[in-house]
Amino acid sequence: MPRGAGSQHETQLRRLGDAAMRVLARDGLPALTFRSVAGEAGVSPGRVQHYARTSKGLITLTFRRFRELTQERVRESVGSVPSPTPIDVVEATLQALIPHGDQDRTLLHVAAAVELHALTDPGLAEELRGGRAELIRFLAEQVGRAWSGKRSVDPLALSRAATTLLATAEGLSTLALTGTIDGTEAQRNLHTCIRTTLTDFPATSLTAPGAGLR
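The present account deals with the structure reproduced in this document. Residues take numbers from 1 onward in each chain, read along the sequence in its written order. In view of the model being predicted, local features appear only for residues whose pLDDT reaches at least 70, and side-chain atom pairs are presented and counted only at 80 or more, with totals across whole chains, interfaces and linings using the full set of residues. Excluded from the side-chain calculation are hydrogens and water; included are all heavy atoms of the structure.

## Some thoughts on the nonpolar core
Phase 1: Within this scheme, the nonpolar core is defined by two criteria: the residues are buried Ala, Val, Leu, Ile, Met, Phe, Trp, Tyr or Cys, and they are joined through side-chain atoms within 4.5 Å. Note on classification: 1.4 Å probe, protein chains only; a residue is buried when its accessible area is under 20% of the maximum for its type, exposed when over 50%, partly exposed between these limits. Core analysis: the biggest nonpolar cluster contains 31 residues, and Leu16, Leu32, Val37, Val48, Phe66 and Leu124 have the highest contact counts within it.
Phase 2: The greatest single-element share of this core, amounting to 7 residues, is contributed by helix α6 (residues 102–118).
Phase 3: What leucine 32 contacts, discounting residues up to four positions off in sequence, is Ala20, Val23, Leu24, Val37, Leu58, Ile59 and Thr62.
Phase 4: Judged by nonpolar contacts, the second largest core, of 24 residues, contains Ile98, Ala186, Ile194 and Leu198. Think of it this way: any DSSP run of H or I at least four residues long counts as a helix, any run of E at least two long counts as a strand, and we number them from the N terminus. Throughout, a contact is declared for two residues whenever any of their heavy atoms are within 4.5 Å.

If you want it as structure tokens, here you go:
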């Protein structure tokens, strides 16, 4: 069956997103222009502008491609584990934020640059917030499954646990990207944090809101 216009559109977006990520990772955010991405992708600047529309749209296109590639990595990691448990799912999701090699480092450098730009771009900041909120909800669901059957769990405690795990992963990622610790150490620390959180049922997870804060 021939590929439709929608498939061609998505293929072009992926191609331009990949080119934009290479430019950004190699030369920095100021170098991310229609012309530089066009040269990297081997197309005309007009073609890039057709898909991205504006310079802000080009940054958003880059971020969305990063997010798509990260989601693919998570699916592959989870899929490689027979009968994955909630802990396996959380580990695969958060370990995707830690650099394991050059390709990961490129992806995460892109993410860091986009995050910085979002401080002055309300539209992109809103998209980032929405993506993070969705990720926290997903992680909270997995935490709830890991804790299920132990006792009733306060939904707020699940959200807090998910947020803490995400913040830990992002902090370790930054330490690894800046060379403060190496990627292997960051992976080990994150693994320990996840296993401790999801296998040790904390007192703060009881039904009463704020039980552990008094």
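## As for helix α2 (residues 34–41)
Phase 1: Regarding α2, the residues found buried are Val37, Ala38 and Ala41. Buried residues of α2 fall within an arc of 105 degrees about the axis and therefore sit on the same side. Turned more than 90 degrees away from the buried face of α2 sit Arg35 and Gly39, all of them exposed.
Phase 2: Of the residues one or two after α2, glycine 42 is the one with positive phi, at around 75 degrees. This arc is taken over the directions from the axis of the helix to the C-beta atoms.

## Section: the packing of helix α3 (residues 45–52) against helix α4 (residues 55–79)
Phase 1: To obtain each axis, a line is fitted to C-alpha atoms, and for helices this fit is confined to the stretch in contact; angles are then taken between N-to-C directions over 0 to 180 degrees. In contact at an axis separation of 8 Å, α3 and α4 are set at 80 degrees when each is read in the N-to-C sense. On the basis of their axis angle, the class for α3 and α4 is roughly perpendicular. Side by side, α3 and α4 meet where Val48, Tyr51 and Ala52 of the first sit next to Gly57, Leu58 and Leu61 of the second.
Phase 2: Classification convention: Asp, Glu, Lys, Arg as charged; Ala, Val, Leu, Ile, Met, Phe, Trp, Tyr, Cys, Pro as nonpolar; all other residues, Gly among them, as polar. Across the contact of α3 with α4, the residue classes break down as 5 nonpolar, 1 polar and no charged. Roughly parallel refers to an angle under 35 degrees, roughly antiparallel to one over 145, roughly perpendicular to one between 65 and 115, and oblique to any angle outside these ranges.

## What to know about the environment of alanine 176
Phase 1: Relative to the elements of secondary structure, alanine 176 occurs in helix α8 (residues 155–177).
Phase 2: The spatial distance from the C-alpha of alanine 176 to the C-alpha of glutamine 187 is 9.4 Å, given a sequence separation of 11 residues.
Phase 3: Look past the residues within four positions of alanine 176 in its chain and what remains in contact with it is Pro99, Arg105, Ile181, Asp182, Gly183 and Ala186.

## What to know about the environment of arginine 14
Phase 1: Looking at the element boundaries, arginine 14 is found in helix α1 (residues 5–27).
Phase 2: A sequence separation of 48 residues divides arginine 14 from threonine 62, and the C-alpha atoms of the two residues are 9.2 Å apart.

## Digging into the packing of aromatic side chains
Phase 1: Ring pairs shown here join Phe, Tyr and Trp side chains whose ring centres sit within 6.5 Å, with only the six-membered ring taken for Trp; geometry is labelled stacked below 30 degrees between planes, edge-to-face above 60, and tilted in between. Following the criterion strictly, the structure yields 1 aromatic pair and no others.
Phase 2: Between phenylalanine 63 and phenylalanine 66, the aromatic rings sit 6.3 Å apart at their centres with planes inclined by 35 degrees, giving tilted as the arrangement. Highlighted residues: phenylalanine 63 and phenylalanine 66, both in helix α4, separated by 3 residues, approximately one helical turn. Considered together, phenylalanine 63 and phenylalanine 66 belong to a single accessibility category, that of buried residues.

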